[in-house]
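Examining the three-dimensional arrangement
One letter stands for each residue in the lines below.
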Amino acid sequence: MSETPNRLVTAVILVAAGSGQRLGYGMPKAAVPLGGETILMHALRGIVASGVASQVCVVLPEGNDGLRAQCDAFREELADGGPLLTAVDGGATRADSVRQGIAALMDGIEAVLVHDAARALTAESVFHRVADALAAGAEAVIPAVPVVDTVKTVAPTADGDGAVAPEVVTGTAARGNLRAVQTPQGFRAATLRAAHQAARTLDPEQAAAVTDDAMLVEMAGTPVHVVRGSTQSLKITTPLDLIFAEGLLEGPLGARWVEG
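Nothing here was measured: the structure is a model prediction, and the numbers come from that model.

Among the structural elements, threonine 10 can be located in strand E1 (residues 10-15). Distance in space between the C-alpha atoms of threonine 10 and alanine 53 is 5.1 Å, their sequence separation being 43 residues. Sequence-distant contacts of threonine 10, defined by excluding residues within four places in its chain, comprise Val52, Ala53, Ser54, Gln55, Ile109, Ala111 and Leu113.

Structure (structure tokens):
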């Protein structure tokens with residue numbers, strides 16, 4: 001059996017600046033309650049439990065004193081051991097928020113994992129697989145799961161046929177080659193910095209088409225490797241997602257870090 005390579009000095013940027021409008025709670029998504037704690041706290045505890053991080057930089061909605069107070073309280077919990085916990089305000093877009101996190105990283109960070117607070121129940125093993133792939137030599141690595149649905153490309157229905165249906169199928173993707181991507185996405189620190197610096201030159205339309213950090217790295221021509229994700233790493237976006245997450249916490253999986 002091969003040994004796990006020595007891991008790089010790693011920071012996790014936890015993006016928690018989303019508005020959460022689709023959840024319907026009238027508050028930022030990270031502040032929404034889940035199983036007795038907020039989504040933010042579940043995500044933070046998961047990162048710390050994985051043991052991969054020397055620093056955790058939480059990117060919060062600008063001016064949200066409540067979430068910042070939760071970070072302050074959690075920092076006190078970590079006083080006797082654990083990663084350095086920092087909190088910064090997010091930007092206008094997700095990419096801006098990630099850049100705010102990058103700017104707050106301490107000296108000596110060799111690898112960065114960018115994680116969405118909305119994936120608050122991500123298993124420890126996913127963090128380990130991403131960190132181990134970086135230690136083994138990957139410049140960029142993402143966790144993903146096979147796509148189980150048939151996926152089709154579509155186009156707007158031609159003029160005159162709109163009464164039939166709004167869209168028409170133009171093709172069917174080969175499902176065996178498709179993966180649904182999750183977080184944390186891991187990068188060598190220099191690779192992530194360079195990708196975000198290059199992204200500043202994108203025009204608004206190009207920037208809007210970028211949906212994750214891996215896309216920025218792909219655009220720079222850097223190979224992005226894929227490791228196994230987890231069905232437990234659902235992204236909490238809608239009220240139904242929140243029900244599923246509550247079920248995971250209350251069901252036989254129990255603890256957040258059990259592999260799904």
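As a further point, take the pattern of salt bridges. Tallying each qualifying case throughout the model produces eight salt bridges. Arginine 7 is paired through a salt bridge with aspartate 132; the nearest N and O atoms lie 2.7 Å apart. Taken together, the positions of arginine 7 in the segment before E1 and aspartate 132 in helix H4 (residues 124-135) put the pair 125 residues apart, joining distant regions of the chain. For arginine 7, a relative accessible area of 35% translates into the label partly exposed. With its nearest N and O atoms 3.0 Å apart, the salt bridge here joins aspartate 89 to arginine 68. Separated by 21 residues along the polypeptide, aspartate 89 in strand E5 (residues 84-89) and arginine 68 in helix H2 (residues 65-77) bring together distant segments of the chain. Residue aspartate 89 is classed as partly exposed on the basis of its relative accessible area of 26%. For arginine 68, a relative accessible area of 28% gives the class partly exposed. Several salt bridges share partner residues, and in doing so they unite Glu37, Arg45 and Glu77 into one network.

Here the focus is the pairing of E1. Along any regular strand the residues' side chains alternate between the sheet's two faces. Within E1, six of the six residues are buried, leaving the element largely enclosed by the surrounding structure. Neither face of E1 is exposed, since Thr10, Val12 and Leu14 on one face and Ala11, Ile13 and Val15 on the opposite face are all buried. Across six bridges, E1 lies against strand E6 (residues 111-116) in parallel orientation. Bridging from a neighbouring strand, threonine 10 pairs with alanine 111 of E6.

Turning to unusual backbone geometry, a few remarks are in order. In this structure, the amide linkage connecting threonine 183 to the following residue, proline 184, adopts the cis form with an omega of 10°. Its location among the elements puts proline 184 in the loop between strand E10 (179-181) and strand E11 (185-188).

The next subject is the side chain of arginine 119. Looking at where arginine 119 falls in the secondary structure, it is placed in the loop between E6 and H4. Of the buried charged residues, arginine 119 lacks a salt bridge, with aspartate 116 as the closest side chain of opposite charge at 4.7 Å. For arginine 119, the contacting residues outside a window of four places in its chain are Val181, Gln182, Thr183, Ser233, Leu234 and Lys235.

Next up on the list: the layout of surface pockets. Taken as a whole, the largest pocket spans an internal volume of roughly 1,000 Å³. If you go around the largest pocket, you meet 44 residues; those closest to its centre are Val15, Thr93, Arg94, Thr211 and Lys235. Of all the elements in the fold, those that place two or more residues in the lining of the largest pocket are helix H3 (94-103), helix H6 (204-208) and helix H7 (213-219). Examining the composition of the lining of the largest pocket, we find that five residues originate from one element, H3, more than from any other. In terms of residue class, the lining of the largest pocket is made up of 19 nonpolar, 13 polar and 12 charged. Within this model, the second largest pocket holds a volume of roughly 240 Å³. In terms of lining, the second largest pocket is formed by 13 residues, of which the most central are Val145, Pro146, Ala180, Gln182 and Thr231. By residue class, the composition of the lining of the second largest pocket is six nonpolar, four polar and three charged.

The next subject is the environment of threonine 93. Along the chain, threonine 93 falls in the loop between E5 and H3. Classification of threonine 93 by relative accessible area gives partly exposed; the value is 40%. Looking at threonine 93, its side chain comes within polar contact range of the main-chain nitrogen of aspartate 96, at 3.1 Å.

Each value, and the rule that gives it
- Residues numbered from 1 in each chain as written.
- Predicted model: local features only at pLDDT ≥ 70, side-chain atom pairs only at ≥ 80, totals over all residues.
- Heavy atoms only, no water.
- Helix = DSSP H or I, 4+ residues; strand = E, 2+ residues; numbered from the N terminus.
- Contact = heavy atoms within 4.5 Å.
- Salt bridge = Lys/Arg side-chain N within 4 Å of Asp/Glu carboxyl O.
- Buried < 20%, exposed > 50% of the residue type's maximum accessible area, 1.4 Å probe, protein only.
- Pairing = 2+ DSSP bridges.
- Lys, Arg positive; Asp, Glu negative; His and termini not counted.
- 1 Å grid on protein atoms, 1.4 Å probe; cavity = no way out; pocket = protein on both sides within 12 Å on 5 of 7 lines; lining within 4 Å.
- Points joined across faces, edges and corners; volume = space filled by probe spheres on them.
- Nonpolar A, V, L, I, M, F, W, Y, C, P; charged D, E, K, R; others polar.
- Polar contact = N/O pair within 3.5 Å; in protein donor to acceptor, adjacent residues only side chain to side chain.

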